[in-house]
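Chain residues, written in single-letter form:
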Amino acid sequence: MMMDAMKNLYIDTGRLVAELHELAAFSSCPEPTPAVTRVVYSDEDRAARQWFDGLFRDAGLSVRVDPIGNTFARWCPDGCDADAPAVGSGSHIDAIPHAGMYDGTVGVLGALEAVRALQRAGHRAKRPIDVVLFTSEEPTRFGLGCTGSRAMAGQLPADRLALLTDDAGDSLDAVRRRAGYDGDLAGVRLSDDAYAAFVELHIEQGPKLEEEGLDLGRVFAIAAPSTINFVVTGQGGHAGAVLMPDRHDALCAAAEMIHAIEQLCRSSPSPDCVATVGTMDIHPHAVNSIPSRVAFSLDLRDIDGVNRDGVCEAIVGENQRIAARRHVQVEHSVLNADPPADCDGPIVEALAEAADAGGYTHRGMVSRAYHDSLFMASRFPTAMLFIPCRGGVSHRPDEFAEPRHLEAGVATLARTLATLSGS
Ligand code: GLV
Ligand code: MN
Ligand code: MN
């Protein structure tokens, strides 16, 4: 049942859109907005967090920042039990190189606007509502996605967290300290009673909602991602002097491996299996030198974690066969192989009721992208709410969500937070 106060719900969509644009300006991308690059702990990320601190305080929220910068902005109005497990909502603000301005940001600014709307509507929260800003959802800097939520969920031990390294060879521990965050990394793990419920608002990053002309997606499952790093070692040499039959070119071997990865993924029985090789380092990286060492990453995902693991095994075996035939070596290391997550049935139901109350159309769907909710779901009842994005485009500067869909998402989130915090 929706609370009566929700009749007065008003979403300030104009302000939300303006804030999304303001946030997009914290960017190191050489191209102008809407292209955005915001790498965790960079100057832009730190400045954006400072801007958020002001927004949170202006909304009367009390702010807690953990030892790696995960930020919890809490609303606990009169009559709210400050010791009760909270209701959380949030997402990330880091953006991959040359990204758009809606991925993650909608979930943080949207949650803030939802709380402001509840305040305006006079909602009497019985348990605290937290707006959560997760640190480093994107794997850009430290190779591992969802670093903050992983550690919050207790799935990334403090010693491993501290030793994650960036391309400059700096450890996460050193980088977070330089960025102004300290304290015991073991303290990032949340207690079992931290959250009664968690809901993340996000753009769909796929085309379904737009294709079907729907306002909202209720996410009931989140796909299983894994990251595997490969290093191929061959033999370098002079680009003119070494004849083709004598070569053990690490890049040519890697190229064949990448082609095999595409084939194995395409022929997998699961249509949801996707593989992406998105980074590659070539040594010595000279025009007239045969590559002697190549490192590349593989991002492999599926709704079906068992199928994903089977495809991974097949890829590793095939890469070894290619290496043996070409007389090069290949090594691999699995950075993460996370299981898929099911969302919480009652929260998904609350999302449906909230969407109906606002007169919005919606459907159930899976999330093919990963999100901080994947890890929140391992500890707390969790669900996600998607809004359409133009053409299903994401991780590109032309990512776009219409204001009317932002409004639908925030209004539905606000009504859901009201339900979850009202009893
Ligand atoms: C998140 O950004 C993902 O890659 O799914
Ligand atoms: Mn992303
Ligand atoms: Mn995201």
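The model shown is predicted, which means the values in this text are computed figures rather than measured ones.

Each value, and the rule that gives it
- Residues numbered from 1 in each chain as written.
- Chains lettered and ligands numbered in written order.
- Predicted model: local features only at pLDDT ≥ 70, side-chain atom pairs only at ≥ 80, totals over all residues.
- Heavy atoms only, no water.
- Donors = N, O, S within 2.8 Å, 3.2 Å for Na, K, Ca; no water.
- Helix = DSSP H or I, 4+ residues; strand = E, 2+ residues; numbered from the N terminus.
- Buried < 20%, exposed > 50% of the residue type's maximum accessible area, 1.4 Å probe, protein only.
- Near = heavy atom within 4 Å.
- Polar contact = N/O pair within 3.5 Å; in protein donor to acceptor, adjacent residues only side chain to side chain.
- Areas by Shrake-Rupley, 256 points an atom, 1.4 Å probe, with all protein chains shown as cover.
- 1 Å grid on protein atoms, 1.4 Å probe; cavity = no way out; pocket = protein on both sides within 12 Å on 5 of 7 lines; lining within 4 Å.
- Points joined across faces, edges and corners; volume = space filled by probe spheres on them.
- Nonpolar A, V, L, I, M, F, W, Y, C, P; charged D, E, K, R; others polar.
- Salt bridge = Lys/Arg side-chain N within 4 Å of Asp/Glu carboxyl O.
- Domains from an automatic or database assignment.
- Contact = heavy atoms within 4.5 Å.
- Buried area = accessible area lost by both parts, 1.4 Å probe.
- Core = buried A, V, L, I, M, F, W, Y, C linked by side-chain atoms within 4.5 Å.
- Axes fitted to C-alpha atoms, helices over the stretch in contact; angles between N-to-C directions.
- Parallel < 35°, antiparallel > 145°, perpendicular 65-115°, else oblique.
- Left-handed = near helix turned anticlockwise from the far one by under 90°.

### Brief notes about the coordination of the manganese ion (ligand 3)
Item 1. Coordination of the manganese ion (ligand 3) by the protein involves His-92 (NE2), Asp-103 (OD) and His-202 (NE2), with metal-donor separations of 2.0 to 2.3 Å.
Item 2. Binding-site remark: the manganese ion (ligand 3) is held by donors from one chain whose sequence spacing is H-x10-D-x98-H.
Item 3. Between the two metals, the manganese ion (ligand 3) and the manganese ion (ligand 2), the spacing is 3.7 Å, and Asp-103 donates to both. Taken together, the residues Asp-103 in the loop between β5 (95-99) and α3 (105-121) and His-202 in strand β7 (residues 195-203) connect sequence positions 99 residues apart.

### Quick notes on the coordination of the manganese ion (ligand 2)
Item 1. The coordination sphere of the manganese ion (ligand 2) contains the protein donors Asp-103 (OD), Glu-138 (OE) and His-395 (NE2), at a distance range of 2.0 to 2.2 Å.
Item 2. For the manganese ion (ligand 2), the donor residues sit on a single chain with the sequence spacing D-x34-E-x256-H.
Item 3. With a relative accessible area of 9%, Asp-103 lands in the buried category.

### Looking at the site of ligand 1
Item 1. If you check the shell around ligand 1, you find Glu-137, Glu-138, Arg-301, Ala-369, Tyr-370 and His-395 and nothing else.
Item 2. Between ligand 1 and Glu-138 there is a distance of 2.9 Å, counted from an oxygen atom to a side-chain nitrogen or oxygen.
Item 3. Backbone polar atom of Tyr-370 to an oxygen atom of ligand 1: 2.8 Å apart, as the coordinates give it.
Item 4. Considering ligand 1 on its own, with 190 Å² of exposed area, one finds that the protein chains cover 93% of that surface.

### Thoughts on empty space enclosed by the protein
Item 1. Per the counting criterion, the structure on display carries one cavity of 30 Å³ or more.
Item 2. The calculated volume of the largest cavity comes to roughly 50 Å³.
Item 3. Considering the residues around the largest cavity, the lining is formed by Leu-20, Leu-23, Ala-24, Val-36, Arg-38, Ala-95, Gly-100, Met-101, Asp-103 and Thr-105.
Item 4. Of all the elements in the fold, those that place two or more residues in the lining of the largest cavity are α1 (13-24) and β1 (36-38).
Item 5. The dominant element in the lining of the largest cavity, judged by the number of residues it contributes, is α1, at three residues.
Item 6. Of the residues belonging to the lining of the largest cavity, the class tally is six nonpolar, two polar and two charged.

### A look at the pattern of salt bridges
Item 1. Counted under the stated rule, the structure contains 25 salt bridges.
Item 2. In this structure, Asp-338 and Arg-150 form a salt bridge, with 2.9 Å as the shortest nitrogen-oxygen distance. Of this pair, Asp-338 sits in the loop between β15 (329-337) and β16 (341-342) while Arg-150 sits in helix α4 (residues 147-152); the two residues are 188 residues apart in sequence, bridging distant segments of the chain.
Item 3. Looking at Arg-150, the relative accessible area reads 5%, which means it is buried.
Item 4. Among the ionic pairs, Glu-318 bridges to Arg-321, the shortest N-O distance being 3.1 Å. Highlighted residues: Glu-318 and Arg-321, both in helix α9 (residues 305-326), separated by three residues, approximately one helical turn.
Item 5. On the basis of relative accessible area, Arg-321 is assigned to the exposed category, the value being 51%.

### A closer look at the domain arrangement of the protein chain
Many analyses report the size of an interface as the accessible area lost when the parts associate.
Item 1. Domain assignment breaks the protein chain into domain 1 (2-223 + 340-421) and domain 2 (225-337).
Item 2. Each of domain 1 and domain 2 has a C-alpha centre, and the two are 34 Å apart.
Item 3. Counting residues at the interface gives twelve residues for domain 1, matched by ten residues for domain 2.
Item 4. Both faces considered, domain 1 and domain 2 share a buried interface measuring about 900 Å² in area, 59% of it formed by carbon and sulfur atoms.
Item 5. When the area that domain 1 buries against domain 2 is broken down by residue, the three leading residues are Ala-223, Arg-368 and Tyr-370, summing to 46%.
Item 6. The interface formed by domain 1 and domain 2 holds one salt bridge in total.

### Here we look at the side chain of His-362
Item 1. As for its placement among the helices and strands, His-362 is situated in strand β17 (residues 362-367).
Item 2. Of note is the side chain of His-362, whose polar atom sits 2.8 Å from the side chain of Arg-218.
Item 3. For His-362, the side chain forms a polar contact with the side chain of Asp-356, separated by 2.8 Å.
Item 4. Sequence-distant contacts of His-362, defined by excluding residues within four places in its chain, comprise Leu-214, Leu-216, Arg-218, Ala-352, Ala-355 and Asp-356.

### Quick word on the nonpolar core
Within soluble globular proteins, side chains that are nonpolar tend to cluster in buried spots.
Item 1. Judged by nonpolar contacts, the single largest core of 77 residues is most densely connected at Phe-52, Leu-61, Leu-109 and Leu-118.
Item 2. Element by element, the count of residues in this core is highest for α3, at ten residues.
Item 3. Residue contacts for Leu-118: discarding those within four places in its chain leaves Met-6, Leu-9, Trp-75, His-123, Ile-129, Ala-414, Leu-417 and Ala-418.
Item 4. The next biggest cluster of nonpolar side chains, apart from the first, holds 27 residues, and it includes Val-40, Phe-72, Leu-144 and Leu-172.

### As for the packing of helix α10 (residues 345-357) against helix α12 (residues 403-421)
Relative placement of two packed helices is described by the angle separating their axes and the distance separating the axes.
Item 1. In the contact formed by α10 and α12, the axes pass within 8 Å of each other and the chain directions differ by 125°. In terms of their interaxial angle, α10 and α12 are classed as oblique. The two elements α10 and α12 cross, and the hand of that crossing is right-handed. Every residue of α12 that contacts α10 at Ile-347, Ala-350, Leu-351, Ala-354, Ala-355 and Ala-357 is listed here: Thr-412, Arg-415, Thr-416 and Leu-420.
Item 2. Taken together, the residues of the contact of α10 with α12 break down into seven nonpolar, two polar and one charged.

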